[in-house]
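Descriptive analysis of the structure
Residue-level listing of the chains:
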Amino acid sequence: MFNIAIDGPAGAGKSTIARRVAKALSYIYVDTGAMYRAMALYLIRQGISPQDERAIQEACASARISIAYVDGEQQVLLNDENVTPYLRQEAVGNMASASSGNRKVREKLVELQQQLAARENVVMDGRDIGTQVLPEAQVKIYLTASAHTRARRRFLELEQKGLTADLKQIEEDINQRDYQDMHREISPLRQAEDAVLVDSSDMTIDEVVEAILSLCRERGV
Ligand code: DC
């Protein structure tokens, strides 16, 4: 199997890029953040606090998470309910960032991710794909952009949806999320030694996709 790992901080454009690369190669796109978000949604629904390690561990036994593809788009199922429409909310993202530091949560979801990658050619994005989940991936990318650029992109995205947002607040949230993801004890976000750094601050989406595809060609993917 050929596996491509794309890691990086929140808002770097991983999912847009990974989806495009997967399409170009006819690989399956696996969004691992959505799995952590589904687990987070379960915790929110159960009224579990992100600080309650024990309750989170217990919840891992009763939350069944699986993925399916509809028209090539990943859907996340939580105890057989398709929860994909609820996963992008800010509250779910914040809970995912907090609860993803839990060892049991990670064990459970990493296993699911490894099973998928063993069966299919995948482009998988997340925080620990190149370092922990798929250490043997043929291509590893660390995709980043400055916090300011990422905040601006998010701001414009919200504006396009007709929502008002505060750029400064978004940048603060991004910095806080980065700190949390990079400083947790288990599988913190970091660039794998053999990953190629791509800083998209001054690149278009097409340029980033092309840079990754050209690397894939070099590696015989
Ligand atoms: O990429 P995202 O914003 O959908 O991810 C939501 C949270 O899930 C993120 O703050 C950290 C966590 N996450 C993780 O710990 N490991 C991954 N492989 C993917 C996401």
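Analysis parameters
Residues numbered from 1 in each chain as written. Predicted model: local features only at pLDDT ≥ 70, side-chain atom pairs only at ≥ 80, totals over all residues. Heavy atoms only, no water. 1 Å grid on protein atoms, 1.4 Å probe; cavity = no way out; pocket = protein on both sides within 12 Å on 5 of 7 lines; lining within 4 Å. Points joined across faces, edges and corners; volume = space filled by probe spheres on them. Helix = DSSP H or I, 4+ residues; strand = E, 2+ residues; numbered from the N terminus. Nonpolar A, V, L, I, M, F, W, Y, C, P; charged D, E, K, R; others polar. Buried < 20%, exposed > 50% of the residue type's maximum accessible area, 1.4 Å probe, protein only. Polar contact = N/O pair within 3.5 Å; in protein donor to acceptor, adjacent residues only side chain to side chain. Contact = heavy atoms within 4.5 Å. UniProt positions renumbered as here; feature names shortened; annotations may be inferred. Near = heavy atom within 4 Å. Areas by Shrake-Rupley, 256 points an atom, 1.4 Å probe, with all protein chains shown as cover.

1. A few points about the layout of surface pockets
Each pocket or cavity is described by its volume, and for the second largest pocket that value is around 190 Å³. Lining of the second largest pocket is provided by Arg-19, Ala-22, Lys-23, Ser-26, Tyr-27, Ile-28, Tyr-29, Tyr-69, Asp-71, Gly-72, Glu-73 and Gln-74. Sorting the residues of the lining of the second largest pocket by element identifies α1 (14-25), β2 (28-31) and β4 (73-78) as the ones contributing at least two each. Its residues assigned to classes, the lining of the second largest pocket shows 5 nonpolar, 3 polar and 4 charged.

2. Notes on the side chain of Asn-3
Of note, Asn-3 is situated in strand β1 (residues 3-7). Accessibility expressed as a relative area gives 11% for Asn-3, which makes it buried. Here the side chain of Asn-3 touches Ala-117 through a polar contact of 3.5 Å, landing on its backbone oxygen. Those residues within four positions of Asn-3 in sequence are excluded, and the remaining contacts are Ala-117, Glu-120, Asn-121, Val-122, Leu-134, Ala-137, Gln-138 and Val-139.

3. Re the UniProt feature "domain: Cytidylate kinase" (unreviewed entry) in the protein chain
Look at the UniProt record and you will see "domain: Cytidylate kinase" (unreviewed entry) annotated at residues 4-217. For residues 4-217, helix accounts for 52% and strand for 17%, while the C-alpha atoms at its two ends are 12 Å apart.

4. Comments concerning the site of the ligand
Near the ligand there are 16 residues, and of these Arg-37, Arg-106, Arg-127, Asp-128 and Arg-184 occur at the shortest range. At 2.7 Å, a side-chain N or O of Arg-37 approaches an oxygen atom of the ligand. Arg-127 places a side-chain nitrogen or oxygen 2.9 Å from an oxygen atom of the ligand. Burial of the ligand by the protein chains amounts to 95% of its free accessible area of 440 Å². Sorting the residues of the shell around the ligand by element identifies α2 (32-45), α4 (90-99) and α8 (167-183) as the ones contributing at least two each. In terms of residues, the shell around the ligand owes the most to one element, α2, which gives 4 residues. Residue composition of the shell around the ligand, grouped by class: 3 nonpolar, 5 polar and 8 charged.

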